[in-house]
Amino acid sequence: MKKLLIALPVIAGTSWAGTSYYAGVQSETAYQDLLSQIQFLEPITLTPESFKKGLTTSHAITAVRETNSPDADILFKLNHEINHSTVQLNDGEPAIGTATIRTVLVEDSVNANYADLLDSFTGNQPLEIVTKAGIGGHIASAITISPLELPLDGKEATLSIAGSTATLTSDGDRTLGEGVIGAITLLGESGDSLNSTPINVLVNTANQKPWLSPYEISYTLDALTSNSPDRPSATTLSDVQAQFASTLDNNELDYVGVFDVGQIDFGDELPAEYAPVNSGKLEIQLNNIKVQSVEDFVTHMSQYSLAVRTDPSQLPTAEILNQYAKIVTKNAEIMYDLELVNSAGKADADLTLRFIGDDSASGQDNLETGADLLNAIELIAHANIDKTALELTPAIAMMQTLPAQIAFVELGDQYVAAVTVKKLMADLNGELFPLGQMFGEFLDVPIENLTDTLEGF
């Protein structure tokens, strides 16, 4: 018995060492799992730079590059401290086989082009991510971003964002997240300001290829307020929501975005019963988008640096438009649905643009002239406006003009418009307009010439 008691500490020590060794080996796997699950930032790419394994703590450095090119500029580097001791606590309970990874920016690693942005963070640590990587690819991260005070274009205008936090949980197949973007203040040189309350964020996305994963993302905030020294009252948008979603079916993607403002308050300057609009909602849909066309577009855009992509003036207009056009394959469509409400009524309008294409598989192979292009597009639009609602807006005066009288017809207590354009024929409220006669020789111009004229814009 005495020998057994003496042997117990040895056995325990051997077991601890073996478990610690196993956790040490697994820590590098946990690090790789972490990187693989945050590659949604593409074309920005995270590249492992170093990994130093320790008995209970390992260290890794990751370079964040502008693109996936090996010689792409490094935007900044991340330092990961990986704790893989034998037993850790997870919500107060022992967790075995878990690695905790603390990630921060590497000092002096930020690209010189963005050094001013780094200096604008007011906290000691601009970014901190604490990740728990467990067995089976389970990843849980807590993200903290420091408050930001950013001057705009070297002027007196400033952008301020309070501290932000988020939590992300991934099991390898899906990522769930929730967080809060700190209150935002945009202060103009003349004293104008735009202020938002904190923004709540919810994320639910499948872990598939970047830009191609089915997802649901929502942003909600209590109020967005605009102030100006030239106006006696602030304008406040309340109960503001933005929701985005994507679905994937049979190698086709559908996207939807919804922007909803529950209440618009113009203050004492304009009481609600006289305001032109009290609330509004806009829904935008992109349907029947081919997965391959999106992948090709992302691949093409990845050749441009972050600096170029964020400055449209540096992008070749015609070339980018050509790449966007390739996304528009047969039966692709974009739909808009707008609703505006005031105290006297509402206005509804919808627009659908559908690419019918030509007889080829892509719908684009035989498009040569402006007439071919116009033949390949179908447009359908409707508008219904309550007369009483329109009387509260400046637009009521426009209804007496000739263009408005052509576009709208009176139907009971509403102004109504219905437009269809298909196969070079426009139907406006039942009246037909042959577009071939209206546009004449313009329709004979080759499409590439039409594109080239845009290069100068």
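Rules used in this analysis
Residues numbered from 1 in each chain as written. Predicted model: local features only at pLDDT ≥ 70, side-chain atom pairs only at ≥ 80, totals over all residues. Heavy atoms only, no water. Phe/Tyr/Trp six-rings, centres within 6.5 Å; stacked < 30°, edge-to-face > 60°. Helix = DSSP H or I, 4+ residues; strand = E, 2+ residues; numbered from the N terminus. Buried < 20%, exposed > 50% of the residue type's maximum accessible area, 1.4 Å probe, protein only. Lys NZ or Arg CZ within 6 Å of the ring centre and 35° of its normal. Salt bridge = Lys/Arg side-chain N within 4 Å of Asp/Glu carboxyl O. Pairing = 2+ DSSP bridges. Patch = residues over 30% accessible without salt bridge, like charges linked within 9 Å, V, L, I, M, F, W, Y side chains within 5 Å. Areas by Shrake-Rupley, 256 points an atom, 1.4 Å probe, with all protein chains shown as cover. pLDDT = per-residue confidence, 0-100. Contact = heavy atoms within 4.5 Å. Polar contact = N/O pair within 3.5 Å; in protein donor to acceptor, adjacent residues only side chain to side chain.

### Structural notes on the packing of aromatic side chains
Here is step 1 of the chain: With the rule as written, the count across this model stands at three aromatic pairs.
Here is step 2 of the chain: With centroids separated by 6.2 Å and ring planes inclined at 75 degrees, the aromatic side chains of Y219 and F244 adopt a geometry described as edge-to-face. Taken as a pair, Y219 in strand β16 (residues 215-227) and F244 in strand β17 (residues 235-249) lie far apart in primary sequence, 25 residues in all.
Here is step 3 of the chain: You can call Y219 partly exposed: its relative accessible area is 29%.
Here is step 4 of the chain: With relative accessibility at 29%, the residue F244 sits in the partly exposed group.
Here is step 5 of the chain: Pairing F297 with Y324 gives two aromatic rings, centres 4.7 Å apart and planes at 40 degrees, and the pair type is tilted. Within this pair, whereas F297 is found in helix α3 (residues 291-301), its partner Y324 is found in helix α5 (residues 317-327), the two being separated by 27 residues in sequence.
Here is step 6 of the chain: Judged by relative accessible area, F297 falls into the buried class, the value being 14%.
Here is step 7 of the chain: The partly exposed category is assigned to Y324, whose relative accessible area is 46%.
Here is step 8 of the chain: Above the ring of Y415, the side-chain terminus of K387 is found at 5.6 Å from the ring centroid.

### Here we look at the pattern of salt bridges
Here is step 1 of the chain: Overall, the coordinates contain nine salt bridges when judged by the stated rule.
Here is step 2 of the chain: Put simply, E49 and K77 hold a salt bridge, and the shortest N to O gap is 3.0 Å. A residue pair is termed long-range when its members are at least 10 positions apart, and E49 in strand β1 (residues 45-52) and K77 in strand β3 (residues 74-83) qualify at 28 residues.
Here is step 3 of the chain: The class of K77 is partly exposed, set by a relative accessible area of 22%.
Here is step 4 of the chain: Here E269 makes a salt bridge to R231, at a shortest N to O gap of 3.3 Å. Of the two residues, E269 sits in the loop between β18 (252-265) and β19 (279-290) while R231 sits in the loop between β16 and β17, which places them 38 residues apart along the sequence.
Here is step 5 of the chain: Beyond isolated ion pairs, a larger network of salt bridges with shared partners links E333, R354, E378 and K422.

### Topic: the pairing of β17
Here is step 1 of the chain: Both β16 and β17 contribute to a ladder of eleven bridges, which runs antiparallel. Bridge assignment links S226 to a residue of β17, and that residue is T235.
Here is step 2 of the chain: Hairpin connection, β17 to β18: the antiparallel pair is bridged by two residues, and N250 has positive phi, about 55 degrees.

### Structural notes on unusual backbone geometry
Here is step 1 of the chain: Here the phi dihedral of D239 falls at roughly 55 degrees; this positive angle occurs in a residue that is not glycine.
Here is step 2 of the chain: Turning to its location among the elements, D239 is positioned in strand β17.
Here is step 3 of the chain: For N429, which is not a glycine, the phi torsion comes out positive at approximately 55 degrees.
Here is step 4 of the chain: Take N429: it is sitting in the loop between β25 (425-428) and β26 (431-434).
Here is step 5 of the chain: When its relative accessible area of 26% is taken as the criterion, N429 is described as partly exposed.

### Examining the pairing of strand β2 (residues 57-65)
Here is step 1 of the chain: Burial of β2 is extensive: seven of the nine residues sit out of reach of the surface.
Here is step 2 of the chain: Hairpin connection of β1 to β2: four residues between the antiparallel strands.
Here is step 3 of the chain: Here β2 runs beside β3; their pairing, made up of nine bridges, is antiparallel. Directly across from I61, in β3, lies its bridge partner N79.

### Overview of a nonpolar patch on the surface
Here is step 1 of the chain: A surface patch of nonpolar side chains, about 330 Å² in accessible area, is lined by M438, F439 and F442.
Here is step 2 of the chain: Structurally, F442 is set in the loop between α9 (435-439) and α10 (447-452).

### Thoughts on the confidence of the model for the protein
Here is step 1 of the chain: Summary statistics for the protein give a mean pLDDT of 82 and a share of 84% for residues scoring 70 or more.
Here is step 2 of the chain: Between residues 1-25, whose pLDDT stays under 50, and residues either more than four places distant or in other chains, the model counts twelve contacts.
Here is step 3 of the chain: A low-confidence stretch, residues 92-96 (pLDDT under 50), is modelled with eleven contacts involving residues beyond four sequence positions or located in other chains.

### Section: the side chain of S213
Here is step 1 of the chain: Within the secondary structure layout, S213 lies in the loop between β15 (199-206) and β16.
Here is step 2 of the chain: In this structure S213 comes out as buried when scored by relative accessible area, which is 8%.
Here is step 3 of the chain: Looking at S213, its side chain comes within polar contact range of the main-chain oxygen of A206, at 2.8 Å.
Here is step 4 of the chain: Setting aside chain neighbours within four positions, we find S213 in contact with T205, A206, N207, Q208 and S246.

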